[in-house]
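Reading the structure
So the chains spell out like this:
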Amino acid sequence: MGRAFTYVILGGGVAAGYAALEFTKRGISHGELCIISEEPVVPYERPALSKGFLLPEAPSRLPSFHTCVGANEERLTPKWYKEHGIELVLGTRVKSADVRRKTLLTATGETISYKILIIATGARALQLEEFGVAGSDAENVCYLRDLADATRLVDVMQSCTGGNAVVIGGGYIGMECAASLVINKINVTMVFPEAHCMARLFTPKIASYYEDYYKSKGVQFIKGTALSSFDIDDSGKVTAVTLRDGNRLPADMVVVGIGIRPNTGLFEGQLTLEKGGIKVNGWMQSSNSSVYAVGDVAAFPVKLFGETRRLEHVDSARKSARHAVAAIMEPAKTSEFDYLPFFYSRVFTLSWQFYGDSVGEVVHYGDFSGSTFGAYWVSKGQLVGSFLEGGTKEEYEAIAKATKLKPDIEDLAELERQGLGFALAV
Ligand code: FAD
Ligand code: NDP
């Protein structure tokens, strides 16, 4: 059996939702677009899963965070898809793809063919087993990528109030989940191999601000080591965590956030890959002209840096998805994607934003003992990256604008002296 569509979006996450909205804004007929997703629900704002979803009081629940509320756009509920004649094939994994024949084969045995395919398969969480540690399937070991994971995490968390959690990984998941666990009255120890948290983005000075804040909330840090093994009891629960440095920590639950791998498997050997993702041009088009890739799975040219990057953040998923649809529907009017990388996080009452690239020399500014401070990254005499904690909307817009303009920086000491004022004056 089989069905045919003009446009098929493979994957039903953030990028799929924003692509669907863009298709309807530009005008598609009923029955032209199909979204196939392994998840059983229509696209939602994934960032909510490590923030509002984990709150002990008045937690966010669907349908409140379906796309595209995160960018102050319409909320696309199942009813919205129905009204726009968009075919949803949910709870269905695509198990193989044939880009030459333009077909996808689902795990339920259906062949779905397309004229244009948008790959929006995102990524999967890396498992401890990939680092040689067994025990991911223990009842109280949690990962966090999708709604099912988040629902499970909430259940485990609720059974551990007052207990001990070990958080493995000092990246985004580790930091955001540790904060949520504390808010849920769970004692947290964070364990990661680097010298400080958020090692790929934060400078030691920035990291120490957040680590001190977390410590003030009772979080303990064990740095420079990794997990070695779990003690698992007869009921299949982890009771303790042993680290490579010999430390043994009692644990009522474990949260693992050790990075992701893009879901490219269906297309390996069929499309060109780069930086672990599907290589696309400035119109999000892959090495096959009928196939586009967006979101976490796409490696695209970042004009500002003059190189191909794969970004794992929601703003990039939203904008790359919309750009692909513009390029598909109105190619003559669509120029090359010109994207300014944007990352952010919110934990406790803290909130930071980063724009650009974290390379080169760093200049810190502001009050690191207060609540507003930041940093600039300067490479080859130009401002290339900006970080700000505790800014206002206008201040965040200013650092974004300044970073996009890449102004020449002759004097780092002067930049430090001007601090945030530099971006506000650009
Ligand atoms: P996804 O949203 O992951 O969607 C991929 C979809 O494809 C899923 O529905 C999946 O089931 C489906 N799929 C994959 N393979 C198949 C297949 N073979 N068949 C059918 N369906 C398939 N970024 C930020 O910038 N800020 C944040 O605060 C932030 N918070 C986050 C919190 C969490 C808990 C997580 C996990 C991520 C967070 N991110 C954040 C990252 C952001 O959510 C991702 O960058 C974004 O979701 C990427 O969108 P995507 O559509 O490419 O992939
Ligand atoms: P990250 O890449 O942010 O962080 C992974 C962390 O785990 C790194 O500190 C990494 O160290 C460390 N690590 C790797 N292997 C081990 C190991 N064996 N033991 C202990 N630590 C290890 O990934 P996350 O899992 O935190 O996040 C998953 C995805 O979700 C990312 O794409 C992220 O962008 C996204 N996300 C984004 C958020 C945001 O933007 N606010 C919020 C939540 C998730 P090393 O650097 O040395 O590899």
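That block above? That's the structure.
In short, a report on the structure. Source: prediction; values computed, not measured. (Residues numbered from 1 in each chain as written. Chains lettered and ligands numbered in written order. Predicted model: local features only at pLDDT ≥ 70, side-chain atom pairs only at ≥ 80, totals over all residues. Heavy atoms only, no water.)

1. A look at the nonpolar core
Counted only if it meets this: The term nonpolar core refers to a set of buried residues drawn from Ala, Val, Leu, Ile, Met, Phe, Trp, Tyr and Cys, joined through side-chain atoms within 4.5 Å. Working definition: with a 1.4 Å probe on protein chains only, accessible area under 20% of the residue-type maximum means buried, over 50% means exposed, and in between means partly exposed. The helix and strand labels rest on DSSP assignments: H or I over at least four residues marks a helix, E over at least two residues marks a strand, and numbering proceeds from the N terminus. When checking whether two residues touch, look at their non-hydrogen atoms; a contact exists if any pair is within 4.5 Å.
Counting 132 residues, the largest nonpolar core has Met190, Phe202, Tyr210, Met253 and Phe387 as the members making the most contacts within it. For this core, the element with the highest residue contribution is helix α1 (residues 14-26), accounting for eight residues. Once residues within four sequence positions are removed from consideration, Met190 is found in contact with Val167, Gly169, Gly170, Gly174, Met175, Ala178, Tyr214, Val219, Gln220, Phe221 and Ile222. Counting residues in hydrophobic clusters, the runner-up holds 19 residues, among them Ala138, Leu227, Phe230 and Leu249.

2. Quick word on the site of ligand 2
Note the following rule: Throughout, the term near means that a residue has one or more heavy atoms lying within 4 Å of the molecule or strand in question. Any pair of N or O atoms that falls within 3.5 Å is considered a polar contact. Within protein, one atom must be able to donate a hydrogen and the other to accept it, and sequence-neighbouring residues count only if both atoms are side-chain atoms. All accessible areas in this document rest on Shrake-Rupley with a 1.4 Å probe, and a residue is counted as covered only by the protein chains that are shown.
Ligand 2 sits among 19 residues. The nearest are Ile173, Glu194, Gly259, Glu312 and Tyr344. With respect to ligand 2, the backbone of Tyr172 contributes an N or O atom lying 3.1 Å from an oxygen atom. A distance of 3.3 Å separates an oxygen atom of ligand 2 from a polar backbone atom of Gly257. Considering ligand 2 on its own, with 920 Å² of exposed area, one finds that the protein chains cover 83% of that surface.

3. Some thoughts on the site of ligand 1
This is how the line gets drawn: In the scheme used here, Gly and all other residues not listed as nonpolar or charged are polar, with Ala, Val, Leu, Ile, Met, Phe, Trp, Tyr, Cys and Pro taken as nonpolar and Asp, Glu, Lys and Arg as charged.
Of all residues adjacent to ligand 1, which total 33 residues, the nearest are Glu39, Arg46, Lys51, Arg145 and Asp296. The separation between an oxygen atom of ligand 1 and a polar side-chain atom of Ser37 is 3.3 Å. Burial of ligand 1 by the surrounding chains reaches 93%, relative to a free accessible area of 990 Å². Of the residues in the shell around ligand 1, the class split is 14 nonpolar, 11 polar and eight charged.

4. Examining helix α6 (residues 314-329)
Put simply, the test is: Expected helix span is given by 1.5 Å per residue-to-residue step, counting one fewer step than there are residues.
Its 16 residues place the ends of α6 23 Å apart at the C-alpha level, agreeing with the 22 Å of an ideal helix rising 1.5 Å per residue. Counting buried residues along α6, 14 of its 16 residues qualify, which places the element largely inside the surrounding structure.

5. A few points about the sheet that holds strand β22 (residues 342-347)
Quick note on the threshold: Two strands qualify as a pair provided that DSSP identifies no fewer than 2 bridges between them. Fitting a line to C-alpha atoms yields each axis, with helices limited to the stretch in contact; the angle taken between N-to-C directions then spans 0 to 180 degrees.
Strands sit in the order β22-β23-β26-β25-β24 across an open sheet of five strands; the sheet is antiparallel. The strands lining the two open edges of the sheet, one partner per strand, are β22 and β24 (361-366). For this sheet, the mean inter-axis angle between neighbouring strands, taken without regard to orientation, is 15°. Relative to strand β23 (residues 350-356), β22 is paired through six bridges, and the arrangement is antiparallel. Within the sheet, the bridge partner assigned to Arg346 lies in β23 and is Ser351. In this fold helix α5 (residues 204-216) packs onto β22, β23, β24, β25 (373-379) and β26 (382-389), with an angle of close to 155° to the strand it touches most, β25.

6. Regarding the pattern of salt bridges
Our working rule: Any carboxyl oxygen of Asp or Glu within 4 Å of a side-chain nitrogen of Lys or Arg constitutes a salt bridge here.
Applying the stated criterion across every chain yields a total of 27 salt bridges. Between Arg248 and Asp231 there is a salt bridge, and its shortest N-O distance comes to 2.4 Å. Taken as a pair, Arg248 in strand β14 (residues 248-250) and Asp231 in strand β12 (residues 227-232) lie far apart in primary sequence, 17 residues in all. Residues Arg309 and Glu307 are paired through a salt bridge, measuring 2.8 Å at the closest nitrogen-oxygen approach. Here Glu307 falls in the partly exposed class, since its relative accessible area comes to 36%. Connected via shared salt-bridge partners are Glu22, Lys25, Arg26, Glu73, Arg322, Glu330 and Lys333.

7. Overview of the pairing of strand β15 (residues 253-256)
A regular strand places its side chains so that they alternate between the two faces of the sheet. Neither face of β15 is left uncovered, since the one carrying Met253 and Val255 and the one carrying Val254 and Val256 both have all their residues buried. Pairing geometry for strand β8 (residues 141-142) and β15, over two bridges, is parallel. In the strand pairing of β15, Cys142 is matched with Val255. In this structure, strand β9 (residues 164-168) lies alongside β15, joined through four bridges in parallel fashion. Bridging from a neighbouring strand, Ala165 pairs with Met253 of β15.

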